[in-house]
Amino acid sequence: MEHILITYTYFAFLPLAILEGPIVTIIGAFFAGQGYMNIFVVYILAVVGDSIGDSLHYALGRYGGERMVRRYGARFGVTVDTLHEVRANYFGSRRSLWKIITAAKVTHAPCSSILITCGLLRVSFYEFFLINFINNIFKVLFFLLIGFYFGQYYKTIDTYIGHSWMVLVPLFVLVVYIFYRRKSK
């Protein structure tokens with residue numbers, strides 16, 4: 001992936017940011033820290049790409065979600081009636097929508113399911129997009145700073161990592177040995 005980004009830079013960056021925003025943002029910012037890309041262009045493309053990807057999740061829920069719930073939802077205890085209850089109890093107000101989307105963007109683990117649920121529950125796309133976009137501005141900035149920082153201090157970090165293998169490899173072997181011994185008993 002790094003070769004693609006160096007060769008095609010911004011042409012490859014936006015589609016990759018749509019597919020996997022945070023990782024690609026860190027890589028793009030890393031390259032910006034090395035001087036291969038412009039940090040401001042990376043930031044703008046990452047926010048746009050992440051917002052497009054999130055909108056695609058929303059569209060998946062909006063246009064295909066209810067059919068999936070009717071077909072497979074009973075296996076997971078989800079029915080159309082429970083969706084109406086979820087909408088009334090959790091997605092009913094703008095304030096709760098802010099909390100839910102922000103929590104999903106911060107924790108990142110349930111993010112896709114929350115975005116799909118927003119579409120499934122027919123949350124206003126305008127509200128969804130506005131809340132999501134504002135969250136993306138801060139989320140992308142966080143990942144951008146991580147990547148840029150490591151790009152700036154790559155050589156220093158590489159030196160420390162280069163010396164740390166002498167301690168980490170024997171420690172890893174010892175932990176695996178102890179785990180294996182306990183498991184075999």
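K.L.:
Is there a simple way to think about a nonpolar patch on the surface in this case?
P.N.:
On the surface, Leu168, Leu171, Leu174, Val175, Tyr177 and Ile178 cluster together into a nonpolar patch covering about 560 Å² of accessible area. What makes isoleucine 178 partly exposed here is its relative accessible area of 39%.

K.L.:
What's the story with helix H6 (residues 111-120) in this structure? I'm lost.
P.N.:
Within an α-helix, residues lying three or four positions from one another point in the same direction, as the helix has 3.6 residues per turn. Every buried residue of H6 is accounted for by Cys111, Ile114, Leu115, Cys118, Gly119 and Leu120. Looking at the buried side of H6, the elements it contacts are helix H3 (39-72), helix H4 (80-89), helix H5 (94-107) and helix H7 (125-152). A positive backbone phi angle near 60° is found at arginine 122, which sits one or two residues after H6.

K.L.:
Would you take a moment to explain the nonpolar core for this structure?
P.N.:
Where a protein is soluble and globular, its nonpolar side chains tend to be buried together. The biggest cluster of nonpolar side chains holds 18 residues, and the ones touching the most others in it are Phe91, Leu97, Ile101, Cys118, Val123 and Phe128. Counting only elements with at least two residues in this core, the list comes to H3, H4, H5, H6 and H7. The biggest single contributor to this core is H6, with five residues. Setting aside residues up to four positions removed in sequence, phenylalanine 128 forms contacts with Asp54, Ser55, Tyr58, Ile101, Leu115, Cys118 and Val123. With 17 residues, the next largest nonpolar core counts Ile27, Ala29, Val42 and Leu144 among its residues.

K.L.:
So what exactly am I meant to see when it comes to the packing of H5 against H7 here?
P.N.:
A packed helix pair is summarised by two numbers, namely the angle formed by the two axes and the spacing between the axes. The N-to-C vectors of H5 and H7 enclose an angle of 40°; their axes lie 10 Å apart at closest approach. Judged by the angle between their axes, H5 and H7 are oblique. For the crossing formed where H5 meets H7, the hand is right-handed. Mapping the contact onto sequence places Arg94, Leu97, Trp98, Ile101, Thr102 and Lys105 in H5 and Glu127, Phe128, Ile131, Asn132, Ile134, Asn135, Asn136 and Lys139 in H7. Here the contact of H5 with H7 is composed, by residue class, of six nonpolar, four polar and four charged.

K.L.:
Explain the pattern of salt bridges here, please?
P.N.:
Pairs can form between side chains of opposite charge whenever their charged atoms are close. Using the criterion set out here, one finds two salt bridges in the structure. Salt-bridge contacts for lysine 139 lead to aspartate 50; the nearest nitrogen and oxygen are separated by 3.5 Å. Of this pair, lysine 139 sits in helix H7 while aspartate 50 sits in helix H3, and the two are 89 residues apart along the sequence. Under the relative-accessibility criterion, lysine 139 is labelled buried at 9%.

K.L.:
What am I meant to see in the packing of aromatic side chains here?
P.N.:
Between two aromatic rings, the relevant description is the distance of the centres plus the angle of the planes. Going through the model one piece at a time under the given rule, you end up with nine aromatic pairs. The interplanar angle of 65° and the centroid separation of 5.4 Å between the aromatic rings of phenylalanine 142 and phenylalanine 143 together place this pair among those described as edge-to-face. Ring pairing ties together the aromatic residues Tyr58, Phe125, Phe128, Phe129 and Phe133, which thus form one cluster.

Conventions and cut-offs
- Sequence order as written defines residue numbering, which begins from 1 separately in each chain.
- A pLDDT threshold of at least 70 governs which residues receive local features in this predicted model, and a stricter bar of 80 or more applies before side-chain atom pairs are shown or counted, although totals over entire chains, interfaces and linings include all residues.
- Side-chain measures here rest on the full set of heavy atoms in the structure, leaving out hydrogens and waters.
- Like-charged residues are merged into a patch within 9 Å and nonpolar side chains (Val, Leu, Ile, Met, Phe, Trp, Tyr) within 5 Å, provided each residue has over 30% relative accessible area and no salt bridge.
- Areas reported as accessible are Shrake-Rupley estimates using a 1.4 Å probe. Residue values count occlusion only from the protein chains shown.
- Salt bridges, as used here, are contacts in which a Lys or Arg side-chain nitrogen is within 4 Å of a carboxyl oxygen on Asp or Glu.
- Think of it in three bands: with a 1.4 Å probe and only protein chains considered, a residue is buried below 20% of the maximum accessible area for its type, exposed above 50%, and partly exposed in between.
- Where helices and strands are cited, they refer to DSSP runs of H or I of at least four residues and of E of at least two residues respectively, numbered from the N terminus.
- Whether two residues are in contact is decided by their heavy atoms, any of which lying within 4.5 Å being enough.
- Each nonpolar core is a collection of buried residues, namely Ala, Val, Leu, Ile, Met, Phe, Trp, Tyr and Cys, held together in the definition by side-chain atoms within 4.5 Å.
- Interaxial angles span 0 to 180 degrees and are taken between N-to-C directions of axes, which are lines fitted to C-alpha atoms, for helices over the stretch in contact.
- Angle categories: roughly parallel below 35 degrees, roughly antiparallel above 145, roughly perpendicular from 65 to 115, and oblique for all the rest.
- It is the rotation of the near helix from the far one that decides the hand of a crossing: anticlockwise by less than a right angle makes it left-handed, clockwise makes it right-handed.
- Think of it as three bins: nonpolar holds Ala, Val, Leu, Ile, Met, Phe, Trp, Tyr, Cys and Pro, charged holds Asp, Glu, Lys and Arg, and polar takes everything else, Gly as well.
- A pair of Phe, Tyr and Trp rings is counted when the ring centres sit within 6.5 Å of each other, with Trp represented by its six-membered ring. The angle between the planes then sorts it: under 30 degrees is stacked, over 60 is edge-to-face, the rest tilted.

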